[in-house]
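# Fold and contact review
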Amino acid sequence: MASLNFERLLSSKIRRRQVLIGAGGLTGLAIATQLPTRVIAQPKFSDYPFKLGVASGEPYPDSVVLWTRLAPDPLNGGGVSADNVSVQWQIATDENMRQIVYQGTEIATREFGHSVHVEVGGLQPSRWYWYQFKVGNEVSPIGRTRTAPNLRDRVNRFRFAFASCQNWQQGYFTPYKYMAQEDLDLVVHLGDYIYEGGVSATAVRPHNGSEPYTLEEYRNRHALYKTDVNLQATHAAFPWIVTWDDHEVDNNYADEVPQDPELQSTEDFLRRRAAAYQAYYEHMPLRRFSIPRGPDMQLYRRLTFGDLAEFNVLDTRQYRSDQACGDGQDVGCTEALDPSRTITGAEQERWLFDGLGRSQARWNILAQQVFMAQRDFEPEAEVRLSMDAWDGYAASRDRLFDFIQKRQPSNPIVLTGDVHANWVADLKADFSNPNSATLGTEFIGTSISSGGDGSDTNANTESILAENPHIKFFNNQRGYVRCELTPARWQSDYRVVTAVTTPEAPITTRASFVVENGKPGVQRV
Ligand SMILES: [Fe+2]
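Residues numbered from 1 in each chain as written. Predicted model: local features only at pLDDT ≥ 70, side-chain atom pairs only at ≥ 80, totals over all residues. Heavy atoms only, no water.

## Description of the overall build of the protein chain
Worth spelling out the cut-off: Secondary structure elements are defined from DSSP: runs of H or I of at least 4 residues count as helices, runs of E of at least 2 residues count as strands, and each element is numbered from the N terminus. C-alpha atoms define the radius of gyration, and 2.2 Å times the number of residues to the power 0.38 defines the globule rule. Throughout this description, buried means an accessible area under 20% of the type-specific maximum (1.4 Å probe, protein chains only), exposed means over 50%, and partly exposed covers the range between. The contact rule is simple, with two residues in contact once any of their heavy atoms fall within 4.5 Å. For accessible areas, the Shrake-Rupley method is used with a probe of radius 1.4 Å. Any residue's cover is judged against the shown protein chains and nothing else. We score Asp and Glu as negative and Lys and Arg as positive, and we do not count His or the chain ends. By convention, charge coordinates are those of NZ in Lys, CZ in Arg, CG in Asp, or CD in Glu.
On a plain count of helices and strands, the protein chain comes out with nine helices and 26 strands. The C-alpha atoms of the protein chain give 22 Å as radius of gyration, which agrees with the globular expectation for 525 residues (24 Å, within 12%). By its C-alpha atoms, the protein chain is 70 × 55 × 45 Å across when sized along the principal axes. Relative to its 525 residues, the protein chain shows a buried fraction of 61%. Taking contacts inside the protein chain between residues at least 6 apart in sequence as the whole, the part at least 24 apart equals 71%. On the protein chain, roughly 19,500 Å² of surface is accessible, and the fraction owed to carbon and sulfur atoms is 47%. With 53 positive and 65 negative side-chain charges, the protein chain shows a spacing of 9 Å between the two charge centroids.

Printed below as a string of structure tokens:
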């Protein structure tokens, strides 16, 4: 792996003394941007403007997105007084920013919270790059990113980690301290990047204000989360692919239905959703096609890594039918079986089947939010299911599983967040029949911090595993899942920390699982 000075990413003192922009010889093309009028090129800031760090994402073979947001006063609206600020960027092939291949200027606008999204093209596949921003006399930390392999290239190894559910109030983001030091090509985030709750009396570290409704409030919440040094280090170390779940807007919302529809009209909720979506876009390294239009935002998309892996990144919140029988657990909810129900919406479902049908990749990944395998919580004969997960959208899951059985895409693997615990499950043609065909495997990753320290097992672990023979593993600690893919094998390592309510805790690999190419069904290592 290319070298990365981890200490430097964490040291803001050093950051401010790096005056590297302009130090390197130009080996590539300088991009001249047509500047609109009233752009401030030499702004004065009340404080360091790169307090939210840098990030990159959406790796294509020739292109990545570089991100930052100018925010000298991040928890109070950002603190940039000018409307439009000219921000310089550079991308280089070395960590000291000497071999610069491209540089340019992007305008950070008030409209988008002075965030910066640069789609850099013309890059070489499968290689590391380093990047940096400059505004006035201030320079950002240096970030590192990596392009995807060419679409048809044979890829012998690919490594990534996935994470979800980082509740600021319930713990430190210690897992990211370790993730930043892993040997990875990519990080995937499966949602609950922020939590929308107000200040909790029992918080390990409190939220900055009450529950957000407006754009400014969502910006301040995202900014708070982005000040975490371990999160910043992992963003600076790897390109990310992100998708959201519910807490980026409102707990358990479904399309245009809020958590508490009796307290909020549809119009008010759609206004709130628009604010939340825009703040999400502003704080993530997303491509231009994800710029929100009112309450709508294109987040489902596909990213391919040579012949080895294809990620179908799903959005199971924006288009879903409202939860059946309430959004908790339910026994015998017939509404959940209604064939017209959908968790993806019809258009995303068509797009997903089309992609899975055409895919040439060895491993076909669904990177998504909520539990797909059936999970019966009831040890008795009754079946008690979560109505917020795919169990509450049986028709969606049946259509997907029918498609997989008919078209047999190569090695389906589902990645899931949401439930703040580690699980591993095989996906069965009929979950009530252990002898039915195994169609793929679902790796459910625990939270970064949501739920606090947790414990290895729960009181009901044994009964849930006994009740659901397709579920192979449960663990209730915090951490992330590290995955290594080769043409022959998929391995998932469940990395867990002993605590998140105290800032420093060691990490271990709690368990590892493999799926062999062409042999559906997971095995414990
Ligand atoms: Fe969560």
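## Describing the packing of helix H7 (residues 346–358) against helix H8 (residues 394–407)
The axes of two packed helices give the description: the angle between them and the distance between them. Going by this rule: Under this scheme, a helix contributes an axis fitted over its contacting stretch, all axes are lines through C-alpha atoms, and angles between N-to-C directions fall in the 0 to 180 degree range. Any angle from 65 to 115 degrees is called roughly perpendicular, while one under 35 is roughly parallel, one over 145 is roughly antiparallel, and all others are oblique. Left-handed describes a crossing in which the near helix is turned anticlockwise from the far one by less than a right angle; the clockwise case is right-handed. The residue classification treats Ala, Val, Leu, Ile, Met, Phe, Trp, Tyr, Cys and Pro as nonpolar and Asp, Glu, Lys and Arg as charged. All others, Gly included, are polar.
Contact geometry for H7 and H8: axes closest at 11 Å, N-to-C directions at 20°. One finds that H7 runs roughly parallel with respect to H8. The element H7 and its partner H8 pack so that their crossing is right-handed. Contact with H7, carried on its side by Glu-349, Leu-352, Phe-353, Leu-356 and Gly-357, involves Ser-396, Arg-399, Leu-400, Phe-403 and Arg-407 of H8 and no other residues of that element. Broken down by class, the residue content of the contact of H7 with H8 amounts to five nonpolar, two polar and three charged.

## Focus on the coordination of the iron ion
Defined as follows: Only nitrogen, oxygen and sulfur atoms qualify as donors, provided they sit within 2.8 Å of the metal or within 3.2 Å for Na, K and Ca; with water excluded from the atoms, sites may seem incomplete. Geometry is assigned from the angles between donors: four donors with all angles from 85 to 135 degrees make a tetrahedral site, four or six donors whose opposite pairs exceed 155 degrees while the rest stay between 65 and 115 make square planar or octahedral sites respectively, and everything else is labelled irregular.
The protein atoms donating to the iron ion are Cys-165 (SG), Asp-192 (OD), Tyr-195 (OH) and His-420 (NE2), with metal-donor distances spanning 2.0 to 2.5 Å. Taken together, the four donor atoms coordinating the iron ion span angles of 85 to 170° at the metal, a pattern that classifies the geometry as irregular. Motif for the iron ion, donor spacing along one chain: C-x26-D-x2-Y-x224-H. One end of the pair, Cys-165, is in the loop between strand S11 (158–163) and helix H3 (174–179); the other, Tyr-195, is in the loop between strand S12 (186–189) and helix H4 (215–226), with 30 residues separating them in the sequence. Taken individually, Cys-165 and Tyr-195 each receive the classification buried, so the pair is uniform in this respect.

## What about the pairing of strand S7 (residues 115–120)?
For clarity, the threshold we go by: Two strands are counted as paired when DSSP detects at least two bridges linking them.
Burial analysis of S7 places five of its six residues in the buried class, which makes it a mostly covered element. The pairing of strand S4 (residues 64–69) with S7 spans six bridges and is antiparallel. Note on S7: the bridge partner recorded for Val-64 is Val-120.

## Here we look at unusual backbone geometry
In this structure, Asp-418 takes a positive phi of about 75° despite not being glycine. Secondary-structure assignment places Asp-418 in the loop between strand S19 (412–416) and strand S20 (422–428). Under the relative-accessibility criterion, Asp-418 is labelled buried at 18%. Positive phi, close to 60°, is recorded for His-420, a residue that is not glycine. Looking at the element boundaries, His-420 is found in the loop between S19 and S20.

## Side note on the packing of aromatic side chains
The criterion, for reference: Planes of paired rings set the category: under 30 degrees apart is stacked, over 60 is edge-to-face and the rest tilted, where pairs are Phe, Tyr or Trp rings (Trp by its six-membered ring) whose centres lie within 6.5 Å. The criterion for a charge sitting over a ring is simple: Lys NZ or Arg CZ within 6 Å of the ring centre, and within 35 degrees of the ring normal.
All told, the structure shown has 30 aromatic pairs when counted by the stated rule. When the centroid spacing of 4.6 Å and the interplanar angle of 40° are considered together, the rings of Phe-158 and Phe-305 count as tilted. Residue Phe-158 is found in strand S11, and its partner Phe-305 is found in strand S14 (residues 301–305); the two are separated by 147 residues along the sequence. For Phe-158, a relative accessible area of 4% puts it in the buried group. An aromatic cluster of at least three residues, connected via ring pairs, comprises Phe-158, Phe-160, Phe-162, Phe-305, Phe-311, Trp-363, Phe-443 and Trp-490. A cation over a ring is seen here: Arg-302 above Trp-351, with NZ or CZ 4.1 Å from the ring centre. The positively charged end of Arg-375 is found above the aromatic ring belonging to Trp-423, 5.1 Å away from the centroid.

## Considering helix H6 (residues 266–283)
As a reminder, the rule being used: Take the residue count of a helix, subtract one, and multiply by 1.5 Å to get its expected span.
Compared with an ideal rise of 1.5 Å per residue, which puts 18 residues at 26 Å, H6 spans 26 Å between its outermost C-alpha atoms and is within 8% of the ideal. The buried fraction of H6 is high, at 13 of 18 residues.

## A short note on the side chain of Gln-374
Note that Gln-374 resides in the loop between strand S17 (363–367) and strand S18 (384–386). The class for Gln-374 is buried, based on a relative accessible area of 18%. In contact with Gln-374, not counting residues within four places along its chain, are Val-383, Leu-385, Asp-391, Arg-397, Phe-431, Asn-468, His-470 and Ile-471.

## What to know about the packing of H4 against H6
Remark: H4 packs on H6, axes separated minimally by 8 Å, with the N-to-C direction vectors making an angle of 35°. Crossing of H4 against H6: the hand is right-handed. Judged by residue contacts, Leu-215, Tyr-218, Arg-219, His-222, Ala-223 and Lys-226 of H4 engage Arg-272, Ala-275, Ala-276, Gln-278, Ala-279, Tyr-280, Glu-282 and His-283 from H6. The class makeup of the residues in the contact of H4 with H6 is seven nonpolar, three polar and four charged.

Read these as spatial facts, not as claims about activity.
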